[in-house]
Amino acid sequence: MQYVWRPMCHKDTERSSEINALTIAGSDPVSGAGIQADIKTFHAFGLYCASVITSIVIQNTSGVVERMDLSVESVEKQLNVVLSDMDIKTVKIGVIPKKDISFIVRGYIKDFEYVVYDPVLESKNEYKLMDNENLSYIKSEFIKDIFLITPNMREAEILTGRKILTKEDIKETCKVLHDMGAKNVLITGGDLNSADILYNGSKFFEYRSEKIKKTVHGTGCTFSSAIAANLAKGNTLERSIEISKKYITEGIKNSVKCGKGYEVIDHLYRLKKESERYCVLKDLERAFYMLKNENIYDFIPEVQSNLVFSLKDAENIEDVAGFPGRIIKVDKKIEILGFPDFNASRHMAGLVLTVMKYNREIRSAMNIKYSEEIIKACKNLNYTVSYIDRKNEPEEIRKREGESLKWEIDETFKKTGKIPDVLYDLGDIGKEAMVRVFGKTPEDVAEKIIKIHRLLEEVQ
Ligand code: PXL
């Protein structure tokens, strides 16, 4: 099933325990892992996240240098004030450095619906984040109250004392952790290039994603928080892992180089992307009304027009928005048949994607009617204008639907070394002559077209 991003709106739920979550973990001052990662992740999925700190982990993107644990009293006081105030049934637990803290935490989470535990034992630079005495307590007692435990392979080895060399070893280790008391076990398989494996006491499930060759800070915490958030929203465990795997893969792909060491996952990438999509659609709508006010109906060609705008990191035509059904001419006016949307124009979207191969800043384009006067006006306005002769178009390009426009851009760039403001061709048998106006934004394109229109009106 296609995953559709849907942050939870508070109206979706009646119980406050479905909108609140808690993280009990260590603080990461560079905000990639720990408490900071957890808060961002829960919020990215539309939940409110309270945070109880167990330890201040002194670290930056290069690694941990020291651990300053909070006293058990301060952890208990934090739990007390938060849980006497907020209705919470979902918790994600990360770093618990000491046995006395584990003991107190255990008392508070007994009645929780979902306890997701990421057993953080050491940092990437092998700094210990849990005392040995606590490790024994976690293995013998703490694990019994856990709904889902999410160790990586190294952590699973330490918790069980078993060596993991094969996928079968991962499965056997899942069973051992389940026998130790965890209701569900998810061992992340990155270190062995394996899938992540979930064991629910009776069945195994495997989760794979495309491989991204980079080590990013904060992935473990973020993955387990995302799973907890999705459980709280009412998803099954299997679905929660599936959604979280996609979320984390996107976060890794778009990681941020914020310091000198490892890159950090972008926890809020989805929200940034959603707001960019909204702005792209709104910008198109605004530009359409600029053109409508100017009433450029006489610029609309026989095949009608479209105005498109692409997302910054567009990869395919689904990332380019335009007007469904095009911009049309009716009764000496321009009209649209629907509001701007993504994946609404194949030809013009393909054109802009090709343009962006050469210049990532030019993300918008519109096709208008060809006339000698329009081209003359463009030149008078000092626009850069390129002409392409479709007679030179190779037969194999001509035969393939949608390839001609891309060929025109490739040829233009080969010839001039740049993307012009305006590209025109004089058509061919069965192909109308056409002018395409390019710009950084739809407003930029609309302004260029409006200037042409005004100049022609002055002349008449
Ligand atoms: O990624 C594990 C982790 C979790 N939480 C905190 C950390 C680290 C790793 O360094 O510092 C607070």
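Further up the page is the structure itself.
Okay, so let's go over this structure. Remember, it's a predicted structure, so these values are computed and weren't measured experimentally.

1. A closer look at the overall build of the protein chain
Logical step 1: From N to C terminus, the protein chain includes 14 helices and 20 strands.
Logical step 2: The C-alpha atoms of the protein chain give a radius of gyration of 29 Å, which is well past the 23 Å a tight globule of 460 residues would have.
Logical step 3: A principal-axis box enclosing the C-alpha atoms of the protein chain has dimensions of 90 × 45 × 40 Å.
Logical step 4: Taken across its 460 residues, the protein chain has 51% of its residues classed as buried.
Logical step 5: As displayed, the protein chain offers around 21600 Å² of accessible surface, 49% of which is attributable to carbon and sulfur atoms.

2. Some points on the sheet that holds strand β12 (residues 307–310)
Hydrogen bonds along the backbone pair up the strands of a sheet, which may run parallel or antiparallel.
Logical step 1: Taken in spatial order, the seven strands of this open sheet run β16-β13-β12-β17-β20-β19-β18, and their pairing is mixed. Two strands bound the open sheet, and with one partner strand each, they are β16 (341–342) and β18 (385–388).
Logical step 2: In terms of strand pairing, strand β19 (residues 422–425) meets strand β20 (residues 434–439) through four bridges, oriented antiparallel. Across the sheet, residue Asp425 finds its bridge partner in β20, namely Met434.
Logical step 3: Across the face of the sheet, helix α11 (residues 372–380) comes into contact with β17 (364–369), β18, β19 and β20 while running at roughly 155 degrees to β19.

3. Brief notes about unusual backbone geometry
With the exception of glycine, most residues fall at negative phi, and the peptide bonds are largely trans.
Logical step 1: Non-glycine residue Asn295 carries a positive phi angle of around 50 degrees.
Logical step 2: Mapped onto the elements, Asn295 comes out in the loop between α9 (269–294) and β12.
Logical step 3: Despite not being glycine, Gln304 shows a phi value in the positive range, around 70 degrees.
Logical step 4: Tracing the sequence through the fold places Gln304 in the loop between α9 and β12.

4. Some points on a negative patch on the surface
Logical step 1: Together, Glu73, Glu76, Asp100 and Glu133 give the surface a local cluster of negative charge.
Logical step 2: Topologically, Glu76 is positioned in helix α2 (residues 72–83).
Logical step 3: You can call Glu76 partly exposed: its relative accessible area is 30%.

5. A look at helix α6 (residues 167–180)
Logical step 1: If you check α6, its first and last C-alpha atoms are 20 Å apart, about what 14 residues at 1.5 Å a residue would give, namely 20 Å.
Logical step 2: Where α6 is buried, its residues meet α4 (132–140), α5 (153–160), β7 (184–187), β8 (196–199) and β9 (204–207).
Logical step 3: Gly181 sits one or two positions beyond α6 and adopts a positive phi of about 135 degrees.

6. Quick word on the site of the ligand
Logical step 1: Taken together, Gly26, Ser27, Gly34, Val57, Gln59, Val64, Val95, Val120, Ser123, Leu129 and Cys221 are the residues near the ligand.
Logical step 2: One nitrogen or oxygen atom from the side chain of Gln59 is found 2.4 Å from an oxygen atom belonging to the ligand.
Logical step 3: Listing elements by their share of the shell around the ligand, those giving two or more residues are β1 (20–27) and β2 (48–60).
Logical step 4: Its residues assigned to classes, the shell around the ligand comprises six nonpolar, five polar and no charged.

7. Considerations on the packing of aromatic side chains
Logical step 1: Summed over the entire model, instances satisfying the criterion amount to ten aromatic pairs.
Logical step 2: Pairing Phe103 with Tyr137 gives two aromatic rings, centres 6.2 Å apart and planes at 50 degrees, and the pair type is tilted. In this pair, Phe103 is assigned in helix α3 (residues 99–109) and Tyr137 in helix α4, connecting sequence segments 34 residues apart.
Logical step 3: Taking the centre distance of 5.8 Å and the plane angle of 50 degrees together, the rings of Phe288 and Phe323 count as tilted. Taken together, the positions of Phe288 in helix α9 and Phe323 in the loop between β13 (320–322) and β14 (327–330) put the pair 35 residues apart, joining distant regions of the chain. Each member of the pair, Phe288 together with Phe323, is buried.
Logical step 4: The ring centre of Tyr262 lies 5.7 Å from the NZ or CZ of Lys124, which sits over that ring.
Logical step 5: Over the aromatic face of Phe204 sits the side chain of Lys171, whose NZ or CZ is 5.2 Å from the ring centroid.

8. With respect to the environment of Val264
Logical step 1: Within the secondary structure, Val264 is located in strand β11 (residues 263–264).
Logical step 2: Accessibility expressed as a relative area gives 5% for Val264, which makes it buried.
Logical step 3: C-alpha of Val264 to C-alpha of Lys391: the two residues are 127 residues apart in sequence and 51 Å apart in space.

9. Let's talk about the sheet that holds strand β5 (residues 114–117)
Logical step 1: Sheet architecture is open: nine strands sit in the order β3-β2-β1-β4-β5-β6-β7-β8-β9, paired in mixed fashion. What marks the edges here is a single partner per strand, and that holds for β3 (63–69) and β9.
Logical step 2: Direction of pairing for β7 relative to β8: antiparallel, over a ladder of three bridges. If you follow Leu186 over to β8, its bridge partner there is Leu198.

10. Section: the packing of α9 against helix α14 (residues 442–459)
Logical step 1: The contact between α9 and α14 brings their axes to 9 Å, and the two run at 10 degrees. Relative to α14, α9 is oriented roughly parallel. The segment α9 lies against α14, with Asp283, Leu284, Arg286, Ala287, Met290, Leu291 and Glu294 engaging Pro442, Glu443, Ala446, Glu447, Ile449, Ile450, His453, Arg454 and Glu457.
Logical step 2: Taken together, the residues that form the contact of α9 with α14 break down as eight nonpolar, one polar and seven charged.

11. Examining the packing of α3 against α4
Logical step 1: Close contact between α3 and α4 brings their axes to 8 Å; oriented N to C, the two are set at 30 degrees. By the angle between their directions, the pair α3 and α4 is classed as roughly parallel. In contact with Lys99, Ser102, Phe103 and Arg106 of α3, α4 contributes Glu133, Asn134, Tyr137 and Ile138.
Logical step 2: Looking at side-chain class alone, the contact of α3 with α4 contains three nonpolar, two polar and three charged residues.

12. Some thoughts on the pattern of salt bridges
Logical step 1: With the rule as written, the count across this model stands at 35 salt bridges.
Logical step 2: Between Asp69 and Lys98 there is a salt bridge, and its shortest N-O distance comes to 3.1 Å. Here the residue Asp69 occupies a position in strand β3, and Lys98 occupies one in the loop between β4 (90–93) and α3, the gap between them amounting to 29 residues.
Logical step 3: Residue Arg208 pairs with Glu206 through a salt bridge whose shortest N-O separation is 3.4 Å.
Logical step 4: You can call Glu206 partly exposed: its relative accessible area is 36%.
Logical step 5: Linked through salt bridges whose partners overlap, the residues forming this network are Arg106, Lys110, Glu141, Lys144 and Asp145.

Thresholds applied
- Residues numbered from 1 in each chain as written.
- Predicted model: local features only at pLDDT ≥ 70, side-chain atom pairs only at ≥ 80, totals over all residues.
- Heavy atoms only, no water.
- Helix = DSSP H or I, 4+ residues; strand = E, 2+ residues; numbered from the N terminus.
- Rg over C-alpha atoms; globule rule 2.2 N^0.38 Å.
- Buried < 20%, exposed > 50% of the residue type's maximum accessible area, 1.4 Å probe, protein only.
- Areas by Shrake-Rupley, 256 points an atom, 1.4 Å probe, with all protein chains shown as cover.
- Pairing = 2+ DSSP bridges.
- Contact = heavy atoms within 4.5 Å.
- Axes fitted to C-alpha atoms, helices over the stretch in contact; angles between N-to-C directions.
- Patch = residues over 30% accessible without salt bridge, like charges linked within 9 Å, V, L, I, M, F, W, Y side chains within 5 Å.
- Salt bridge = Lys/Arg side-chain N within 4 Å of Asp/Glu carboxyl O.
- Lys, Arg positive; Asp, Glu negative; His and termini not counted.
- Charge placed at Lys NZ, Arg CZ, Asp CG, Glu CD.
- Expected span 1.5 Å × (residues − 1).
- Near = heavy atom within 4 Å.
- Polar contact = N/O pair within 3.5 Å; in protein donor to acceptor, adjacent residues only side chain to side chain.
- Nonpolar A, V, L, I, M, F, W, Y, C, P; charged D, E, K, R; others polar.
- Phe/Tyr/Trp six-rings, centres within 6.5 Å; stacked < 30°, edge-to-face > 60°.
- Lys NZ or Arg CZ within 6 Å of the ring centre and 35° of its normal.
- Parallel < 35°, antiparallel > 145°, perpendicular 65-115°, else oblique.

Read these as layout, nothing more, since geometry by itself doesn't imply function.
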